[in-house]
Amino acid sequence: MLFAVAALGIALFAATLWCAVTVLRMQDLPRWRRFFPLVCLLASGAASALRAVDLPEPAAAVAFPLNLAALVVATSEMRAARRRREASARG
């Protein structure tokens, strides 16, 4: 069971990182919108690091929601970019 939870966490982190880097590479977005998913991902990593200094409550309250926010924002930016490309291709 622990292996499955670890594998799910690693997969979620990898997907979030891939999406954040993909959004970061979109040149047509304003700078703050390109960096927002990456900042959320880094902040969740910092919140998770609080467990190392024996502060698990803030880590539990902040880390997963920030990861989820980064993933949702990044995927919505990717979908919006795809819609813009399709609309410009149609003419």
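Refer to the structure above for everything that follows.
Let me sum up the structure you'll find in this document. (Residues numbered from 1 in each chain as written. Predicted model: local features only at pLDDT ≥ 70, side-chain atom pairs only at ≥ 80, totals over all residues. Heavy atoms only, no water.)

Let's talk about a nonpolar patch on the surface
Argument step 1. Where nonpolar side chains cluster on the molecular surface, the patch consists of Phe13, Leu17 and Val21 and spans about 240 Å² of accessible area.
Argument step 2. Secondary-structure assignment places Val21 in helix α1 (residues 2–24).
Argument step 3. Here Val21 falls in the partly exposed class, since its relative accessible area comes to 37%. (Patch = residues over 30% accessible without salt bridge, like charges linked within 9 Å, V, L, I, M, F, W, Y side chains within 5 Å. Areas by Shrake-Rupley, 256 points an atom, 1.4 Å probe, with all protein chains shown as cover. Salt bridge = Lys/Arg side-chain N within 4 Å of Asp/Glu carboxyl O. Helix = DSSP H or I, 4+ residues; strand = E, 2+ residues; numbered from the N terminus. Buried < 20%, exposed > 50% of the residue type's maximum accessible area, 1.4 Å probe, protein only.)

A look at the packing of helix α2 (residues 31–49) against helix α3 (residues 56–90)
Argument step 1. In the contact formed by α2 and α3, the axes pass within 8 Å of each other and the chain directions differ by 160 degrees. As summarised for this structure, α2 and α3 are arranged roughly antiparallel, according to the angle between their axes. In this structure, the crossing between α2 and α3 has a hand that is left-handed. Listed contacts from α3 to Arg33, Phe36, Pro37, Cys40, Leu41, Ala43, Ser44, Ala47 and Ser48 of α2 are Ala59, Val62, Ala63, Leu66, Asn67, Ala70, Val73, Ala74 and Glu77. (Axes fitted to C-alpha atoms, helices over the stretch in contact; angles between N-to-C directions. Parallel < 35°, antiparallel > 145°, perpendicular 65-115°, else oblique. Left-handed = near helix turned anticlockwise from the far one by under 90°. Contact = heavy atoms within 4.5 Å.)

Examining a positive patch on the surface
Argument step 1. Positive charge collects at one region of the surface, where Arg79, Arg82, Arg83 and Arg85 lie side by side.
Argument step 2. In this fold, Arg79 is placed in helix α3.
Argument step 3. A relative accessible area of 52% means that Arg79 is categorised as exposed. (Lys, Arg positive; Asp, Glu negative; His and termini not counted. Charge placed at Lys NZ, Arg CZ, Asp CG, Glu CD.)

Concerning the side chain of Thr16
Argument step 1. You can see Thr16 is positioned in helix α1.
Argument step 2. Setting aside anything within four residues of it in sequence, one finds Thr16 in contact with Leu41, Asn67, Ala70 and Leu71.

Notes on the environment of Ala49
Argument step 1. On the secondary structure map, Ala49 appears in helix α2.
Argument step 2. Judged by its relative accessible area of 44%, Ala49 is partly exposed.
Argument step 3. The spacing of Ala49 and Ala89 is 40 residues in sequence and 45 Å in space, taken between C-alpha atoms.

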